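Each chain is listed here by its residues.
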Amino acid sequence: MPCITTTDALAQFCAEAKAAPYVTVDTEFLRERTFWSKLCLVQMALPGKDGRAVLVDPLAEGISLEPMYDLFRHEGTVKVFHAARQDLEIFFVEAGLFPKPLFDTQIAAMVCGFGEQVGYETLVRKIARQSLDKTSRFTDWSRRPLSEAQLTYAVADVTHLRVIYEFLSRELKKTGREAWVEEEEAILLNPETYITRPHEAWMRVKTRSTSGRFMAVVRELAQFREAYAQARNVPRSRVFKDDVLLELASTRPTSLEELGGSRLLLREARRGDIAEGILAAVKAGLEVKPEDFPKIQDARDQVQISTALADLLRVLLKAKSEEAGVAAKLIATSADLDAIAAGQTDCVALHGWRREVFGEDALRLARGEIALSARGNSVHVVPV
């Protein structure tokens, strides 16, 4: 199957897609050597068993993806993805837009009872009754020319998606749960989901120490690494990894000689821009006033959690998940359960459709208004 390599050919297909109720979309990309994903291939297919399916080569000389982005802006055609987050990040970074309206089959499948983080291959097998050849899964999609096997693998990611979308769409209409999926997709369509601010990068670094001075240095080092990686479009690990960051926050080198004593720092990072940035970050961290130390806002704040109540909430969640036919992790996370057990009333599980399915009874259980009763293999809510 040949790829679309010209703007005119892409515009022709996108014009057809604008007249269709939906178009299925997938991408192939590389991220091993860059901070931002490099878009290498776009697959799209129109409705119907024999609906036209195309592969678009964004690396082709002279091609503009604007016709595709115009399609993404077209509200009359639903854009169907599976596990869309990484795809959406690419389009947001590349073009500052999101495909709308969006339908994510992974989210829909979780709402329809197919389990947690269900994979495309599983849905192809269970819904489309087909199997996938995954031999090209780890292809370097930036290399040209692509083989026939690679192209066949790529197009299968959107052709089977048509059957999956139509099935899940019907199921959601039957159950009246379209709004549940839209609520989840709103997170994917929020720019804040994809914006990484250097001054907030320290929050993703897992540490055992909560020492204010240690965390101040961690914050400065993480901020330098994030800004450096984004500016040069290189992976964070190419600057230095988390274990190096924590070592540097502990040893706090103040000179190139001391920096050279790091056990974990790559040789090329012991000199030049990275070395200077590390030393400047350590110096800044050491100069932070105590009142400006990072504030740890997670479980390390030692909130009082009733472990017994948390355990009961887990039982309730499992029962409600089975009753609703929705993946438990989609309804509530362990952090949500701990928050409710600690008396908090503003977590994700207590809003929107989740409150209807689980949150209301979770609060009633926490207030002692209901109890749980086991009957055979099932758990039931009993008023107290």
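The structure displayed is predicted, hence computed values, not measured ones.

Analysis parameters
- Residues numbered from 1 in each chain as written.
- Predicted model: local features only at pLDDT ≥ 70, side-chain atom pairs only at ≥ 80, totals over all residues.
- Heavy atoms only, no water.
- Bend = angle between axes of the 7 residues up to and from the residue.
- Helix = DSSP H or I, 4+ residues; strand = E, 2+ residues; numbered from the N terminus.
- Buried < 20%, exposed > 50% of the residue type's maximum accessible area, 1.4 Å probe, protein only.
- Contact = heavy atoms within 4.5 Å.
- Pairing = 2+ DSSP bridges.
- Core = buried A, V, L, I, M, F, W, Y, C linked by side-chain atoms within 4.5 Å.
- Phe/Tyr/Trp six-rings, centres within 6.5 Å; stacked < 30°, edge-to-face > 60°.

## Points about helix H16 (residues 352–366)
Three or four residues apart is the spacing at which side chains of an α-helix point the same way, because the helix has 3.6 residues per turn.
Consideration 1: Along its length, H16 reaches its greatest deviation from straightness, about 55 degrees, at phenylalanine 358.
Consideration 2: Along H16, the residues that are buried comprise Trp353, Arg354, Val357, Phe358, Gly359, Asp361, Ala362, Leu363 and Leu365.
Consideration 3: In the core, the buried residues of H16 are packed alongside helix H7 (178–188), helix H13 (307–324), helix H14 (328–331), helix H15 (334–341), strand S6 (370–375) and strand S7 (378–383).
Consideration 4: Just beyond H16, the residue with positive phi is glycine 368, at close to 80 degrees.

## A look at the pairing of strand S1 (residues 22–30)
Consideration 1: The buried fraction of S1 is high, at eight of nine residues.
Consideration 2: Bridging between S1 and strand S4 (residues 78–81) involves three bridges; their strand directions are parallel. Opposite threonine 24, over in S4, you have valine 80 as the bridge partner.
Consideration 3: Direction of pairing for S1 relative to strand S2 (residues 38–45): antiparallel, over a ladder of seven bridges.

## Topic: unusual backbone geometry
Consideration 1: In this structure, proline 101 follows lysine 100 across a cis peptide bond, with omega equal to -10 degrees.
Consideration 2: Its location among the elements puts proline 101 in the loop between helix H3 (85–95) and strand S5 (102–104).
Consideration 3: Residue arginine 144 is joined to proline 145 through a cis peptide bond whose omega torsion reads 0 degrees.
Consideration 4: Structurally, proline 145 is set in the loop between helix H5 (120–128) and helix H6 (148–175).
Consideration 5: With a phi angle near 50 degrees, arginine 252 is a residue other than glycine that sits in the positive phi range.

## Remarks on the nonpolar core
Consideration 1: Among the nonpolar cores identified, the biggest contains 81 residues, and Phe13, Met44, Val56, Met68, Phe91, Leu313 and Phe358 are the most heavily contacted of them.
Consideration 2: Every residue in contact with valine 56, bar those within four places of it in the chain, is listed here: Ile4, Leu10, Leu41, Val42, Met44, Ile63 and Leu65.
Consideration 3: By size, the runner-up hydrophobic cluster in this structure holds 30 residues, among which are Val218, Val239, Ile274 and Ala275.

## Points about the packing of aromatic side chains
Consideration 1: Under the criterion given, the structure shown has 15 aromatic pairs.
Consideration 2: Centroid distance tyrosine 69 to phenylalanine 91: 6.3 Å. Interplanar angle 75 degrees. Geometry classified as edge-to-face. Here the residue tyrosine 69 occupies a position in helix H2 (residues 66–73), and phenylalanine 91 occupies one in helix H3, the gap between them amounting to 22 residues. Each of the two residues, tyrosine 69 as well as phenylalanine 91, counts as buried.

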